[in-house]
Amino acid sequence: MTRCPDCNTQLAKNTRYCPKCGRRIKGKESIAGEVALIQDEISHCQYNERVAAAGIATGIVIGGFSLGMLHETIFTIGGFGLAILSLIAGSYYTDKREKLKKKLKKLSGG
């Protein structure tokens, strides 16, 4: 029996994912399957980047409106807080997408 390289959990034969930590076990899928999985992850990153951009815009609108019109500090802080958190999330997914693209290029032999 093999063990998961991340959490050292004992794995059954032909296991594709670790039941404890969820890591995909290498060697259990073809190169084409791995490419498809990476492309799917890249697609999810792009979606999450768009969601983060919407969060930034929404946060700025809420923060700006509440600061200018309502003079409500809690909404201002919340709105700009949403924008900052969305910016952080967007940066995370952009970085992850770029790493995945490099991995895909390396896997494809390019």
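Bear in mind the structure is a predicted one, so any value in this text is a computation, not a measurement. (Residues numbered from 1 in each chain as written. Predicted model: local features only at pLDDT ≥ 70, side-chain atom pairs only at ≥ 80, totals over all residues. Heavy atoms only, no water.)

Undergrad: Would you mind going over the overall build of the chain with me for this structure?
TA: A count of helices and strands for the chain gives two helices and two strands. In the chain, the succession of helices and strands from N to C terminus is β-β-α-α. Taking 13 Å as the expected radius of gyration for a compact globule of 110 residues, we find that the chain reaches 20 Å, considerably beyond that expectation. Taken along the three principal axes of its C-alpha coordinates, the chain extends 65 × 35 × 15 Å. When burial is assessed residue by residue, the chain has 24% of its 110 residues classed as buried. Pairs at least 24 residues apart make up 39% of the contacts formed inside the chain by residues separated by at least 6 positions. Just so you have it, the chain exposes about 7800 Å², and 61% of that area is on carbon and sulfur atoms. Averaged over its 17 positive side-chain charges, the chain has a centre that lies 10 Å from the centre of its 9 negative ones. (Helix = DSSP H or I, 4+ residues; strand = E, 2+ residues; numbered from the N terminus. Rg over C-alpha atoms; globule rule 2.2 N^0.38 Å. Buried < 20%, exposed > 50% of the residue type's maximum accessible area, 1.4 Å probe, protein only. Contact = heavy atoms within 4.5 Å. Areas by Shrake-Rupley, 256 points an atom, 1.4 Å probe, with all protein chains shown as cover. Lys, Arg positive; Asp, Glu negative; His and termini not counted. Charge placed at Lys NZ, Arg CZ, Asp CG, Glu CD.)

Undergrad: Any chance you could explain unusual backbone geometry here in plain terms?
TA: Leaving glycine out, the prevailing phi sign among residues is negative, and the prevailing peptide bond configuration is trans. The backbone of Asn8 shows a phi angle near 65°, a positive value even though the residue is not glycine. By secondary structure assignment, the location of Asn8 is in the loop between β1 (2–3) and β2 (10–11).

Undergrad: Teacher, can you tell me more about the packing of helix α1 (residues 31–70) against helix α2 (residues 73–107) here?
TA: Angle between the axes and distance between the axes: these two values describe a pair of packed helices. Look at α1 against α2: their axes get within 7 Å of each other, and the N-to-C directions meet at 160°. Taken together, the axes of α1 and α2 are roughly antiparallel relative to one another. Crossing of α1 over α2 shows left-handed handedness. In terms of residue class, the contact of α1 with α2 is made up of 20 nonpolar, 14 polar and seven charged. (Axes fitted to C-alpha atoms, helices over the stretch in contact; angles between N-to-C directions. Parallel < 35°, antiparallel > 145°, perpendicular 65-115°, else oblique. Left-handed = near helix turned anticlockwise from the far one by under 90°. Nonpolar A, V, L, I, M, F, W, Y, C, P; charged D, E, K, R; others polar.)

Undergrad: Please clarify how the confidence of the model for the chain should be interpreted in this entry.
TA: Fine structural detail should not be taken from predicted coordinates in areas where pLDDT scores are low. Averaged over every residue, the pLDDT of the chain is 87; residues scoring 70 or more account for 94%. Across the chain, the element-wise mean pLDDT spans from 80 in β1 up to 93 in α2. (pLDDT = per-residue confidence, 0-100.)

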